[in-house]
Amino acid sequence: MTSIDLGERDLFGWHEALAKGDVHPAELVQASLDRIAAVDEQVHAFLTVTRKEALQEAEQVDVTLSPLAGIPAAIKDNICTQNVPTTCASRMLHNFRPPYDATVIQRLRTAGAIAVGKTNMDEFAMGSSTEHSAFGVTRNPWDLGRVPGGSSGGSAAAVAAGEVPYALGSDTGGSIRQPAAYCGVVGLKPTYGRVSRYGLVAFASSLDQIGPITRTVAESALVMNAISGVDLHDSTSAPVEVPDFTATLTGEVRGLRIGIISEYMGEGIDPSVRQAVQQAIQTFERLGAEIVEVHLPTTKHALAVYYLIAPAEASSNLARYDGVRYGYRTPQAKSVVEMYKQTRDEGFGTEVKRRILLGTYVLSAGYYDAYYKRALQVRALMKQDFDRAFEHCDVLLSPTTPTPAFAFGEKTADPVTMYLNDLCTIPANLVGIPALSVPCGFTPEGLPIGLQLMAKAFDEATLFRAGDAYERAAGFTGRLPELAA
Amino acid sequence: MRISREEVDYLCELARLTLSEQEAEALTSDLDEILNFAESIQSVDTTGVAPMSHVLSLQNVWRADRLRPSLPVASVLQNAPESVEQMFAVPGLLEEE
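First things first, this report covers the structure right here in the doc. Computed from a predicted model, the values in this text were never measured in an experiment. (Residues numbered from 1 in each chain as written. Chains lettered and ligands numbered in written order. Predicted model: local features only at pLDDT ≥ 70, side-chain atom pairs only at ≥ 80, totals over all residues. Heavy atoms only, no water.)

## Quick notes on the overall build of chain B
Stage number 1. Along the backbone of chain B there are 3 helices and 2 strands.
Stage number 2. In sequence order, the secondary structure elements of chain B are arranged as α-α-α-β-β.
Stage number 3. Taken against the 2.2 N^0.38 rule, which gives 13 Å for 97 residues, the C-alpha radius of gyration of chain B at 23 Å runs more than 25% over that of a compact globule.
Stage number 4. Projecting the C-alpha coordinates of chain B onto the three principal axes gives extents of approximately 55 × 45 × 20 Å.
Stage number 5. Among the 97 residues that make up chain B, the fraction classed as buried is 33%.
Stage number 6. Counting contacts in chain B only where the partners sit at least 6 residues apart, residues at least 24 apart contribute 33% of the total.
Stage number 7. Entry remark: accessible area of chain B is about 6,700 Å², with carbon and sulfur atoms responsible for 54%.
Stage number 8. Charged side chains in chain B number 6 positive and 18 negative. The centres of these two groups are separated by 17 Å. (Helix = DSSP H or I, 4+ residues; strand = E, 2+ residues; numbered from the N terminus. Rg over C-alpha atoms; globule rule 2.2 N^0.38 Å. Buried < 20%, exposed > 50% of the residue type's maximum accessible area, 1.4 Å probe, protein only. Contact = heavy atoms within 4.5 Å. Areas by Shrake-Rupley, 256 points an atom, 1.4 Å probe, with all protein chains shown as cover. Lys, Arg positive; Asp, Glu negative; His and termini not counted. Charge placed at Lys NZ, Arg CZ, Asp CG, Glu CD.)

## Re the layout of surface pockets
Residue and element names in this part refer to chain A.
Stage number 1. Taken as a whole, the largest pocket encloses approximately 490 Å³ of empty space.
Stage number 2. Looking at the largest pocket, it is lined by 21 residues, and the ones nearest its centre are Cys80, Tyr100, Gly199, Arg320 and Tyr326.
Stage number 3. Partitioned by chemical class, the residues of the lining of the largest pocket number 14 nonpolar, 4 polar and 3 charged. (1 Å grid on protein atoms, 1.4 Å probe; cavity = no way out; pocket = protein on both sides within 12 Å on 5 of 7 lines; lining within 4 Å. Points joined across faces, edges and corners; volume = space filled by probe spheres on them. Nonpolar A, V, L, I, M, F, W, Y, C, P; charged D, E, K, R; others polar.)

## Examining the sheet that holds strand β3 (residues 114-119) of chain A
All names here are of chain A.
Stage number 1. If you trace the 11 strands from one edge of the open sheet to the other, you get β1-β3-β2-β4-β6-β5-β10-β11-β9-β7-β8, paired in mixed fashion. Either end of the sheet is taken by a strand with one partner, and the two such strands are β1 (46-49) and β8 (290-294). This sheet shows a mean twist of 30° between the axes of neighbouring strands, independent of strand direction.
Stage number 2. The sheet contact formed by strand β5 (residues 186-189) and strand β6 (residues 209-214) spans 2 bridges and is antiparallel. Bridging from a neighbouring strand, Val186 pairs with Thr214 of β6.
Stage number 3. Set on the sheet, helix α7 (residues 217-227) makes contact with β4 (166-171), β5, β6 and β10 (435-442); between it and β6 the angle comes to about 140°. (Pairing = 2+ DSSP bridges. Axes fitted to C-alpha atoms, helices over the stretch in contact; angles between N-to-C directions.)

## Topic: the interface of chain A and chain B
Stage number 1. Chain A puts 69 residues into the contact, and the matching count from chain B is 56 residues.
Stage number 2. Both sides of the chain A and chain B interface together cover about 5,500 Å² of buried area, and 67% of this is carbon and sulfur.
Stage number 3. Looking at the side of chain A facing chain B, the largest losses of area belong to Lys341(A), Leu357(A) and Arg374(A), adding up to 12% of the total buried there.
Stage number 4. In this assembly, chain A and chain B are joined by 4 salt bridges.
Stage number 5. Here Arg329(A) makes a salt bridge to Glu82(B), at a shortest N to O gap of 3.1 Å.
Stage number 6. At the junction of chain A and chain B, the tally comes to 24 residue pairs in polar contact (both at pLDDT 80 or more).
Stage number 7. Counting only elements with at least two residues in the side of chain A that touches chain B, the list comes to α9 (302-317), α10 (336-347), α11 (350-363), α12 (368-389), α13 (415-419) and α14 (426-431) of chain A.
Stage number 8. If one sorts the elements of the side of chain A that touches chain B by residue count, α12(A) sits on top with 12 residues.
Stage number 9. For the side of chain A that touches chain B, the class distribution of residues is 37 nonpolar, 17 polar and 15 charged. (Buried area = accessible area lost by both parts, 1.4 Å probe. Salt bridge = Lys/Arg side-chain N within 4 Å of Asp/Glu carboxyl O. Polar contact = N/O pair within 3.5 Å; in protein donor to acceptor, adjacent residues only side chain to side chain.)

Here it is in structure tokens:
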């Protein structure tokens, strides 16, 4: 048995240990596999563990390739991994083994990173609790009676449970940041276009982004160094230079203008969350940042806009699941149309069907102008709101979520109640800007609370600088829950 | 009600979904609730605002028209529920309706 505890060091520390030869990659991978074996029965963060492949790669990897070389990672199960099941936590793709790697996977491979498995999620990334997985729920490592958030609940729980040092998730309306907040870890949704979406199973193409879930902000920056940049395979990836994100982590935020979004500090925000965020504002003030109040009046429509646009795009994207080329096919059908309908009925869960029908409705003749087109117009107004706000501040600050992690079943009965979880996270997707969730305290019951920071498009560097300075001063990051092994 | 059961049945037709009776009833009331919730955007003055379908400043992306390797047919077909030679196979198209 190995004696390595992955929580002992951060990514920088493990890289140093590997480079010096103090640790072998196989020991790190084994430590990850052992931890998964010890706690994943309780947490259920993983849908697939690629034990054999990971150990094999660990034997061959050159640890000098990059700072991530030889270090294990977990991948959300909507990111294509060649010949390794990629199910989107859906019955529809239960047997799907992609014939190619997503660009982010290729980039991690080139960097020498080692994937140990695929993580659980809400089916097709539609949900905020991981309760919509077709393969069972993931449990929050801080309180096994509560959800880890979603849709990247498995990735966030895997990091919080100490199973891996970092994981990749995807974020369409908060699916990286909200579970990161609920699990007490760091989650980044990059600028739209910063990271290639090639090989990310599409949910809402104008909103989806892949990003890292880590224990600290500095590690988030390190992972972003490896996965960012333009890609021939994704015409929406941006030809914008990728700086060394770790180089900006000076701990210095003096003079940085931080805008407090007043719409997100009042009604609808849990008092314990509000209090923790207010303390974070004081921390920034103490560090010498300039605090300004910001109004974003159109954000009150953000949820409505999102729940029209995202399902519209989803209904189109999910038309591809027809039982013809891959995935599930009903064994019953006698005609093609019957096959389509039965396959989709049997293959999709209720939340996915709900969104497909909603999207079909808002795109259909007679409703398109009133719903879809109008939502796109309000989206444009929202962008103007944010552009104006960034004229007099560098970073925007709000809670990541209105409440801490909730109990299983608490919000599944009513879809709109579930959607309200995404209140603070959705605008960043609609306007395409980067947003980071950093732990900022705990409720009296010991549940983690997340602070959200947002910056201008392609200004992740400022986001990392602010988040890193804050977490060093506040000291909430890097804490992991105690799980009985 | 903003949406009727008949409309949901029609949407199912468009989206190629069959639903159980129970699921169709539940989804009708869910959609109604969500559409009610989304109604707030009708109060926004959007006169003269161009719809924003994406946030990119890009208009079009060009690349050289050069041959690049693509996936081998065998690996593309490996996930097919049914295939014949180099094709995906489906139940008969012509005998229906």
